[in-house]
Amino acid sequence: MQTRIKAALCATLLSAIPLAAADSLVADSTVLLAGETFQMNYLTETPASQNIYVATVVDGNLLFLDENGGLVPYTAGQPTPARLKAPAAGSYKVISFTMPEGFYRNFTFYKATGKPGSDLLAAGNYDAASLRTLSVSFTAKPGTAGAAAVNGGALYAAHCSSCHNEDPTGNLGNILKGTDPLATTAAIKNPAGKMGHLAALTSDEITAIAAWISHPRFDCH
Ligand code: HEC
């Protein structure tokens, strides 16, 4: 990457990282293999005076985590289940489960504070400034270290950046679809993209590239 472009890119990325978050959603790992435990915590530096709601979207349905960590579909006009009730400052486990085999998904979790006992999404019931998101990729690989050991960023730079740009977030050539390894595998087989020469990439490598596209980190020294 040219030094000038790289410096500009790094400056943009660094300024986008908040120095201290008053509250956040944190996962031990944002890319997991089958058999590994996914755990996500809610972290707050100050006590919350309102309820904490945590949601995700599965197959187009908005689901909220309830007090026990179960997923409940959102219903307009009904009280929205809250995950935590006005917690004190600290770290709280909000969801934990073991990755099933044969599964690839990229989830975004949403967190917001809002009025208890109300339809959270009805006007005025949730605090837009409190919204936090966290994107998590789950892979379909069996429980081996293989995919994790491959450097997705280096592979992307070597095999993809010439056509899709060094920075995938611009979505040149629909590269953001590549957060799903199956989309990249399909694109390699499609003559339109002239990506056929990439057929030699292993599924571990494609999975590592997919994980990196989801959370690109650039080397900023
Ligand atoms: C030789 C240039 C070239 C290289 C190298 C290349 N791509 Fe592509 N890619 C394309 C073009 C062109 C398209 C758009 C194809 C189309 O419109 O059907 C595309 C499309 C895609 C898509 C979108 C497919 C869709 O469903 O719309 C994905 C995902 C993708 N590439 C991933 C990758 C990844 C990952 C790499 C590196 C491993 C890579 N590409 C390397 C040229 C390239």
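Here, the structure is the one placed above.
Along each chain, residue indices are assigned from 1 in the same order as the chain's sequence is written. With the structure being a predicted model, the display of local features is reserved for residues of pLDDT at least 70 and the display and counting of side-chain atom pairs for 80 or more, all residues being used for whole-chain, interface and lining totals. The side-chain values count all of the structure's non-hydrogen atoms but skip hydrogen atoms and water molecules.

**Q** Please clarify how the pattern of salt bridges should be interpreted in this entry.
**A** Once their charged atoms are close, side chains differing in charge can pair, the charge on each being opposite to the other. One speaks of a salt bridge when a side-chain nitrogen belonging to Lys or Arg is within 4 Å of a carboxyl oxygen belonging to Asp or Glu. Tallying each qualifying case throughout the model produces three salt bridges. Put simply, lysine 111 and aspartate 23 hold a salt bridge, and the shortest N to O gap is 2.4 Å. In this pair, lysine 111 sits in strand S8 (residues 105–114) while aspartate 23 sits in strand S1 (residues 23–27), placing the two residues 88 residues apart along the sequence. Summary of the burial criterion: residues with accessible area below 20% of their type's maximum are buried, those above 50% are exposed, and those between are partly exposed, where the area comes from a 1.4 Å probe applied to protein chains only. Judged by relative accessible area, which is 1%, lysine 111 ranks as buried. By relative accessible area, which is 10% here, aspartate 23 ends up buried. Two residues, arginine 132 and aspartate 23, come together in a salt bridge whose shortest N-O distance is 3.0 Å. Of the two residues, arginine 132 is situated in strand S9 (residues 126–138) and aspartate 23 in strand S1; the sequence distance between them amounts to 109 residues. With relative accessibility at 26%, the residue arginine 132 sits in the partly exposed group. The network of salt bridges with common partners includes Asp23, Lys111 and Arg132. Numbering of helices and strands runs from the N terminus, with a helix taken as a DSSP run of H or I at least four residues long and a strand as a DSSP run of E at least two residues long.

**Q** Help me understand helix H6 (residues 203–214) in this model?
**A** Count 3.6 residues to each turn of an α-helix, and residues three or four apart come out pointing the same way. Residue count minus one, scaled by 1.5 Å, sets the expected span of a helix. In this model H6 runs 16 Å from its N-terminal to its C-terminal C-alpha over twelve residues, within 8% of the 16 Å that 1.5 Å per residue would give. A large share of H6 lies buried, amounting to nine of its twelve residues. Among all positions of H6, only Ile206, Thr207, Ala208, Ile209, Ala210, Ala211, Trp212, Ile213 and Ser214 are buried.

**Q** Explain the nonpolar core to me, please; I cannot follow it from the model alone.
**A** By size, the foremost hydrophobic cluster in this structure holds 21 residues, and its most contacted members are Phe38, Met40 and Phe109. Residues within four places of phenylalanine 38 in sequence aside, it is in contact with Ala27, Ser29, Leu32, Ile95, Ser96, Phe97, Met99, Phe109, Val136 and Phe138. Listed in part, the twelve residues of the second largest apolar core include Leu201, Ile209, Trp212 and Ile213. The criterion is simple. A nonpolar core is a set of buried Ala, Val, Leu, Ile, Met, Phe, Trp, Tyr and Cys residues joined through side-chain atoms within 4.5 Å. Any two residues whose heavy atoms approach within 4.5 Å at even a single point are treated as in contact.

**Q** Whenever I open this one, the coordination of the iron atom of the ligand confuses me. Can you help?
**A** Reference values for angles at a metal are 109.5 degrees in the four-donor tetrahedral case and 90 or 180 degrees in the six-donor octahedral case. Distances from the iron atom of the ligand to its protein donors, His164 (NE2) and Met195 (SD), fall within 2.0 to 2.2 Å. Distances define the donors: N, O and S atoms within 2.8 Å of the metal qualify, as do those within 3.2 Å of Na, K or Ca. Water is excluded, so some sites may look unfinished. The rule is simple: four donors are tetrahedral if all their angles sit between 85 and 135 degrees, four are square planar and six octahedral if opposite donors span more than 155 degrees and the others lie between 65 and 115, and anything that fits none of that is irregular. Here the iron atom of the ligand binds six donor atoms, and the angle range of 81 to 179° at the metal identifies the geometry as octahedral. Of this pair, histidine 164 sits in helix H4 (residues 161–164) while methionine 195 sits in the loop between helix H5 (181–189) and H6, placing them 31 residues apart in sequence. Overall, methionine 195 belongs to the buried group, its relative accessible area being 16%.

**Q** Could you clarify how one ought to interpret the site of the ligand in this entry?
**A** Neighbouring the ligand are 20 residues, the closest being Cys160, Cys163, His164, Gly193 and Met195. Here histidine 164 contributes a side-chain N or O atom positioned 2.8 Å from a nitrogen atom of the ligand. A 3.5 Å cut-off defines polar contacts: any pair of N or O atoms within that distance qualifies, except that in protein one atom must be a possible hydrogen donor and the other a possible acceptor, and neighbouring residues in sequence count only when both atoms are side-chain atoms. A distance of 3.3 Å separates an oxygen atom of the ligand from a polar atom in the side chain of lysine 177. At the level of secondary structure, the elements contributing two or more residues to the shell around the ligand comprise H4 and H5. Top element by residues in the shell around the ligand is H4. It accounts for three residues. Residues are labelled near a given molecule or strand when at least one of their non-hydrogen atoms is within 4 Å of it.

**Q** Sorry if this is basic, but what is going on with the environment of tyrosine 92 here?
**A** With respect to the secondary-structure elements, tyrosine 92 resides in strand S7 (residues 90–98). Between the C-alpha atoms of tyrosine 92 and leucine 25, which are 67 residues apart in sequence, the distance is 9.6 Å. Residues contacting tyrosine 92, with those up to four places away along its chain left out, are Met40, Asn41, Tyr42, Leu84 and Pro87. One polar contact links the side chain of tyrosine 92 to the main-chain carbonyl oxygen of alanine 88, over a distance of 2.8 Å.

**Q** What is the right way to read unusual backbone geometry from this model?
**A** Most peptide bonds take the trans configuration, and most residues that are not glycine carry a negative phi. We note that alanine 86 has phi near 35°; this positive angle belongs to a residue other than glycine. Take alanine 86: it is sitting in the loop between strand S6 (71–73) and S7. Look at alanine 86 and you get partly exposed, because its relative accessible area is 36%. A positive phi angle, close to 60°, is found at asparagine 174, a residue other than glycine.

**Q** Explain the sheet that holds strand S3 (residues 37–44) here, please?
**A** Backbone-to-backbone hydrogen bonds join strands into a sheet, with any given pair of strands oriented parallel or antiparallel. By definition, two strands form a pair when at least two bridges between them are found by DSSP. What the three strands build is an open sheet, ordered S1-S3-S7; its pairing is antiparallel. Every interior strand has two partners, whereas the edge strands, S1 and S7, have only one. The average undirected angle you get between the axes of adjacent strands in this sheet is 15°. Two strands pair when backbone bridges link them, and S1 and S3 are joined in this way by five bridges, in the antiparallel orientation. If you follow alanine 27 over to S3, its bridge partner there is methionine 40. In this description, a line fitted to the C-alpha atoms serves as the axis of each element, helices being fitted only across the stretch in contact, and the angle between N-to-C directions of two axes falls anywhere from 0 to 180 degrees.

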